[in-house]
Amino acid sequence: MKINQNTVLQGQRVTLVPYTSAHVPRYHEWMQSEELQRLTASEPLSLEQEYEMQRSWRDDADKCTFIVLDTERWSGQACADEDCMVGDVNLFLTDTEDPTLGEIEIMIAEPSYRGRGFGKEATLMMMSYGVRNLGITKFEAKIGQENEASICMFKKLHFKEVAVNSVFQEVTLRLDVSDQERRWLLEQTNHVEEKSYAEPKLPAGVLET
């Protein structure tokens, strides 16, 4: 989705930036992990396929993706994006009959950043962005039954369990954004600064297409 290609959302713990070609090598490295493949129900891709996936996510109108960075490292030490990456957060607008429904996914890929509030803040920031910029009024999250930490986090964000798929061993949680929920969500993210994004340079030897 190109709507967020120049957008930076800077919070206390996390900063969200658009997923660009410069982020692909680190993302590809993450996705070699069998644990992450299992938790995200993903198949391993070649590096070339990962670049193709990044381009399609950038161009597809039904996917909004941000890379999650460590705000302190990114802003305080002027380190490159790829050295501050901790995960990603996605919104999928795939229900053609209901464009106000967004399926949200969060992945904190770096183990040392889990359980420290990074996933919660990134999820709240993405939800706020979806409500304010994409017209989202309902969120769903589909999570593997074994991923108890993620299920617990979404329930703390007021999501309710609405379905269990025993075949795929997956739980579906849902949040309808009432006026009260919208006010709560915007209060939770009123510290977030929106800035313009300067795209990082590509690694040596990589050509943008």
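Residue numbers restart at each chain and count upward from 1, following the sequence in its written direction. pLDDT decides what is reported in this predicted model: residues at 70 or higher carry local features, side-chain atom pairs at 80 or more are listed and counted, and totals for whole chains, interfaces and linings draw on all residues regardless. Based on all heavy atoms of the structure, the side-chain values leave hydrogens and waters out of the count.

1. Some points on the overall build of the chain
- Secondary structure is summarised from DSSP: a helix means a run of H or I of at least four residues, a strand means a run of E of at least two, and numbering begins at the N terminus for each. Of the regular secondary structure elements, the chain holds 8 helices and 9 strands.
- Here the globule rule reads 2.2 Å times residues to the power 0.38, and the radius of gyration is calculated from C-alpha atoms. A compact globule built from 209 residues would reach a C-alpha radius of gyration of about 17 Å, and the chain, at 16 Å, matches this within 12%.
- Projecting the C-alpha coordinates of the chain onto the three principal axes gives extents of approximately 45 × 40 × 35 Å.
- Only protein chains enter the calculation, and the probe is 1.4 Å; a residue is then buried if its accessible area is under 20% of its type maximum, exposed if over 50%, and partly exposed in between. Residue burial in the chain is summarised as follows: out of 209 residues, 47% are buried.
- Only heavy atoms enter the contact rule, under which two residues are in contact if any of them lie within 4.5 Å. Restricting to contacts in the chain with at least 6 residues of sequence separation, those with at least 24 account for 68%.
- The protein chains shown are the only cover counted for residues, whose accessible areas, like all others here, come from Shrake-Rupley with a 1.4 Å probe. When the accessible surface of the chain is totalled, it reaches about 10900 Å², and 46% of it is carbon and sulfur.
- Between the averaged position of the 22 positive side-chain charges in the chain and that of its 36 negative side-chain charges there is a distance of 5 Å. In this charge count, Lys and Arg are treated as positive and Asp and Glu as negative; neither His nor the chain ends contribute. Charged groups are reduced to one reference atom each: NZ for lysine, CZ for arginine, CG for aspartic acid, CD for glutamic acid.

2. Quick word on the packing of aromatic side chains
- Only centres within 6.5 Å qualify two rings of Phe, Tyr or Trp (six-membered ring in Trp) as a pair; their planes then separate them into stacked at under 30 degrees, edge-to-face at over 60, and tilted for everything else. Taken as a whole and judged by the stated rule, the model has 7 aromatic pairs.
- Centroid distance Tyr113 to Phe118: 4.9 Å. Interplanar angle 85 degrees. Geometry classified as edge-to-face. Summarising the burial analysis for this pair, Tyr113 and Phe118 share the class buried.
- Pairwise contacts between aromatic rings join Tyr19, Tyr27, Trp30, Trp57 and Phe92 into one cluster.
- Note that Arg116 overlies the ring of Tyr113, its terminal NZ or CZ placed 5.0 Å from the centroid. Here, a charge over a ring is recorded when the distance from Lys NZ or Arg CZ to the ring centre is within 6 Å and its angle to the ring normal is within 35 degrees.

3. Brief notes about the environment of Ile151
- Inspection of the secondary structure assignment puts Ile151 in helix H7 (residues 148-156).
- Along the sequence, Ile151 and Cys64 sit 87 residues apart, while their C-alpha atoms lie 22 Å from each other.

4. With respect to unusual backbone geometry
- The phi torsion at His158 lies on the positive side, around 80 degrees, for a residue other than glycine.
- Within the chain, Gln169 stands out as a residue other than glycine whose phi angle is a positive 50 degrees.
- When you line up the elements, Gln169 lands in the loop between strand E7 (160-165) and strand E8 (170-176).

5. Focus: the layout of surface pockets
- Definitions used throughout: a 1 Å grid over protein atoms alone; a cavity as a set of points that fits a 1.4 Å probe which cannot get out; a pocket as an open set with protein on both sides within 12 Å along at least five of seven lines; a lining residue as one with an atom within 4 Å of a point. Grid points are joined across faces, edges and corners, and a volume is the space filled by probe spheres set on the points. Computed from the structure, the largest pocket encloses a volume of approximately 1400 Å³.
- Surrounding the largest pocket, 50 residues form its lining, Leu39, Thr40, Ile106, Met107 and Asn147 being those nearest its centre.
- Contributions of two or more residues to the lining of the largest pocket are made by helix H2 (34-40), helix H3 (47-59), strand E4 (85-92), strand E5 (101-108), helix H6 (118-133), strand E6 (138-144) and H7.
- Ranked by residues supplied to the lining of the largest pocket, first place goes to H7 with 7 residues.
- Classifying every residue of the lining of the largest pocket by side-chain character gives 24 nonpolar, 11 polar and 15 charged.
- Empty space within the second largest pocket amounts to approximately 210 Å³.
- Only H3 and strand E3 (63-70) provide two or more residues apiece to the lining of the second largest pocket.
- Sort the elements by how many residues they give to the lining of the second largest pocket and H3 lands first, with 3 residues.
- Note on residue classes: Ala, Val, Leu, Ile, Met, Phe, Trp, Tyr, Cys and Pro are nonpolar, Asp, Glu, Lys and Arg are charged, and everything else, Gly too, is polar. Residues of the lining of the second largest pocket, tallied by class, amount to 6 nonpolar, 7 polar and 3 charged.

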